[in-house]
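The lines below spell out each chain.
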Amino acid sequence: MTPERIPFLDLRPGEDDAAVRGAIDRVVRRGWFVLGPEVEEFEAEFAEASGAAHAVGVGNGTDAIALLLRAIGVKPGDEVIVPAITAAYTGLAVLMAGATPVFGDVDEETLTLAPAACEAAVTSRTSAIIPVHLYGQAADMHPLQAIAQRHALAIVEDCCQAHLGTCDGLPVGTFGTGGAFSFYPTKNLGALGDGGAVITNDASTADRIRRLRNGGQVDRYVHADPGINSRLDDLQAAVLRARLPLLLRWTTRRREIAAAYQERLGRAVHPLRLRDNGHVYHLFVVRSAERAALQTHLRASGIDTLIHYPVPLPQQPAFASLTQKDAPVATRVAQEILSLPLHPRLTDAQVERISSAVDQFQKGHILA
Ligand SMILES: *Cc1c(COP(=O)(O)O)cnc(C)c1O
């Protein structure tokens, strides 16, 4: 008998099913679909949950980054430092703001932006740094803040994988000008479509983003600056409101599963270094010198895995026209990383099956 397949993710509503359907019904019956009362309520609730003074709902996480960059005055010709391993969207958002992404290598053990590489990438044209809280673990914020201060640079945090995450007890997204969040369905807090938000403690940044997301309008049909159309819709905001009260419990479950994996991993397959307990485990990424064999072994055991991300940004064709320094650490680790299934609805029995399958692989490979 072949064992039941364990998919990488299951995005169908579960315990939140009734609340999600109720939210959709409420919006449909009200008949106000864009930038309505659900968006306003969600913004207040998300700001509160994220430990920031303001939240502004936008169309997606990429726009959230690009709008933050525009709000702080990043302009064509400016350079913005981005880690070499992240979703390509982090770099694309810099291009959308008209600036040039410059890729900094990552720390060998946590895969977040390495402070030394970041500082080495600073030039007279650099205007901002985008630390990415990759896989749910905060970047090394204190040294990065010191670099930003030394060179008078802004910090815009990419929090798209780090809802409710902290760094030394402080909420991600509050170390610099603001934080960008995505509510893409696979994220720790996901909508039933695209969505995003910016958080900030600065009222004028929040105001600027509210204007820029809505075509730069200050009054009906008065467009003060060339904004974009990146509005959050009420259906998604209502779904997010239904899910937000469950996010803390889901995060706790993610941490439980991560701890269970952590216990079982060894030398042949090892987890990334845990820097901070504020990790929210968007993904559980392991490293193996024999990644392809590991992935094949898990697939044969009915377990789906993915790679986040197989191609470092400096090697992406979309950025080929930029002159870039090598990111040797990113290039090497991109060959070794593998993401195991981790989501709140994974059962203990599934976690055990995945752990045993990894264990079986390690035993074979340590003895070999
Ligand atoms: C998902 C993600 C984004 C982009 O968010 P979208 O909502 O898909 O635009 C940016 N950066 C990181 C690290 C992400 O994980």
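Definitions and cut-offs
Residues numbered from 1 in each chain as written. Predicted model: local features only at pLDDT ≥ 70, side-chain atom pairs only at ≥ 80, totals over all residues. Heavy atoms only, no water. Pairing = 2+ DSSP bridges. Helix = DSSP H or I, 4+ residues; strand = E, 2+ residues; numbered from the N terminus. Contact = heavy atoms within 4.5 Å. Axes fitted to C-alpha atoms, helices over the stretch in contact; angles between N-to-C directions. 1 Å grid on protein atoms, 1.4 Å probe; cavity = no way out; pocket = protein on both sides within 12 Å on 5 of 7 lines; lining within 4 Å. Points joined across faces, edges and corners; volume = space filled by probe spheres on them. Nonpolar A, V, L, I, M, F, W, Y, C, P; charged D, E, K, R; others polar. Domains from an automatic or database assignment. Expected span 1.5 Å × (residues − 1). Buried < 20%, exposed > 50% of the residue type's maximum accessible area, 1.4 Å probe, protein only. Arc of directions from axis to C-beta. Salt bridge = Lys/Arg side-chain N within 4 Å of Asp/Glu carboxyl O. Polar contact = N/O pair within 3.5 Å; in protein donor to acceptor, adjacent residues only side chain to side chain. Near = heavy atom within 4 Å. Sits in = over half its atoms within 2 Å of the grid points. Core = buried A, V, L, I, M, F, W, Y, C linked by side-chain atoms within 4.5 Å. Phe/Tyr/Trp six-rings, centres within 6.5 Å; stacked < 30°, edge-to-face > 60°.

Novice: Provide a residue-level description of the sheet that holds strand E13 (residues 284-287), including the pertinent values.
Specialist: What the 3 strands build is an open sheet, ordered E12-E13-E14; its pairing is antiparallel. Every interior strand has two partners, whereas the edge strands, strand E12 (270-271) and strand E14 (337-340), have only one. In this sheet, E14 lies alongside E13 in antiparallel orientation, the contact comprising 4 bridges. Within E14, the residue paired with Arg287 across the bridge is Ile337. Against the sheet, helix H9 (residues 291-300) engages E13 and E14, with an angle of about 20° to E14.

Novice: Can you break down the layout of surface pockets residue by residue, with the values?
Specialist: When its volume is computed, the largest pocket comes out at roughly 620 Å³. As for the largest pocket, its lining consists of 31 residues, of which Ala87, Tyr89, Tyr184, Lys187 and Tyr309 are closest to the centre. At the level of secondary structure, the elements contributing two or more residues to the lining of the largest pocket comprise helix H3 (61-71) and helix H4 (88-96). In terms of residue class, the lining of the largest pocket is made up of 16 nonpolar, 11 polar and 4 charged. Each of domain 1 (17-244) and domain 2 (246-365) accounts for three or more of the residues forming the lining of the largest pocket. Estimated volume of the second largest pocket: approximately 350 Å³. Around the second largest pocket, the lining comprises 22 residues; the ones closest to its centre are Asp10, Leu11, Trp250, Pro344 and Arg345. When its residues are assigned to classes, the lining of the second largest pocket shows 8 nonpolar, 5 polar and 9 charged. The residues that make up the lining of the second largest pocket include at least three from each of domain 1 (17-244) and domain 2 (246-365).

Novice: Talk me through helix H1 (residues 17-30); I want residue IDs and the actual numbers.
Specialist: Taking 1.5 Å of rise per residue, the 14 residues of H1 would be expected to cover 20 Å, and the 20 Å separating its terminal C-alpha atoms lies within 8% of that figure. For H1, every residue scored as buried is listed here: Val20, Ala23 and Val27. End-on view of H1: buried residues confined to an arc of 60°, all on one side of the axis. Within H1, the exposed residues directed more than 90 degrees away from the buried face are Ala18, Arg21 and Arg29.

Novice: Outline the pattern of salt bridges, supporting the account with residue identities and numerical values.
Specialist: As enumerated under the stated definition, the model contains 28 salt bridges in all. Between Asp25 and Arg29 there is a salt bridge whose closest N-O contact spans 3.6 Å. Of the two residues, Asp25 and Arg29 both sit in helix H1, 4 residues apart, roughly one turn of that helix. Among the ionic pairs, Glu43 bridges to Arg213, the shortest N-O distance being 2.8 Å.

Novice: Break down the side chain of Ser182 for me, citing the residues and quoting the values.
Specialist: Along the chain, Ser182 turns up in strand E8 (residues 178-182). Ser182 sits in the buried class, given a relative accessible area of 6%. At a separation of 3.1 Å, a polar atom in the side chain of Ser182 contacts the main-chain amide nitrogen of Tyr184.

Novice: If you had to explain the site of the ligand to someone new, which residues and values would you point to?
Specialist: In the region of the ligand, 13 residues are neighbours, and Gly61, Thr62, Asp158, Ser182 and Lys187 sit closest. Ser182 places a polar side-chain atom, nitrogen or oxygen, 2.6 Å from an oxygen atom of the ligand. Judged by its atoms lying within 2 Å of the grid points, the ligand is housed in the largest pocket. Elements with a minimum of two residues in the shell around the ligand: H3 and H4. Across the shell around the ligand, the residue classes break down as 4 nonpolar, 7 polar and 2 charged.

Novice: Before we move on, could you go through unusual backbone geometry and cite the residues and values that matter?
Specialist: When glycine is set aside, most residues are seen to have a negative phi, and most peptide bonds are trans. Cis geometry is found at the peptide bond from His308 to Tyr309, where omega equals 10°. Mapped onto the elements of the fold, Tyr309 is located in the loop between H9 and helix H10 (328-333). A positive phi angle is found at Asp168, which is not glycine, with a value near 50°. Tracing the backbone through its elements, the reader meets Asp168 in the loop between strand E6 (166-167) and strand E7 (170-171). Look at Asp168 and you get exposed, because its relative accessible area is 52%.

Novice: Give a description of the nonpolar core that names residues and reports values.
Specialist: Of all hydrophobic cores here, the largest spans 47 residues; its most connected members are Leu69, Val80, Ile85, Leu111, Tyr135 and Ile209. Contributing elements (two or more residues each) for this core: strand E1 (54-58), H3, strand E2 (79-83), H4, strand E5 (154-158), helix H7 (203-212) and H10. Among the elements that take part in this core, H3 stands out by supplying 7 residues, more than any other. Beyond its immediate stretch of four places on either side in the chain, Ile85 contacts Val106, Leu111, Leu134, Tyr135, Tyr309, Ala330 and Val333. In terms of nonpolar packing, the next biggest core, distinct from the first, is built from 38 residues, Ile129, Leu144, Cys167 and Phe181 among them.

Novice: Could you give me a rundown of the packing of aromatic side chains, with the residues and numbers involved?
Specialist: Scanning the model with the defined rule gives 7 aromatic pairs in all. Seen from their ring centres, Phe42 and Phe183 are 5.4 Å apart, and the 80° between their planes marks the pair as edge-to-face. Of the two residues, Phe42 is situated in helix H2 (residues 37-50) and Phe183 in the loop between E8 and strand E9 (196-200); the sequence distance between them amounts to 141 residues. As far as burial versus exposure is concerned, Phe42 and Phe183 are alike and both buried. Residue Phe183 is classed as buried on the basis of its relative accessible area of 0%.

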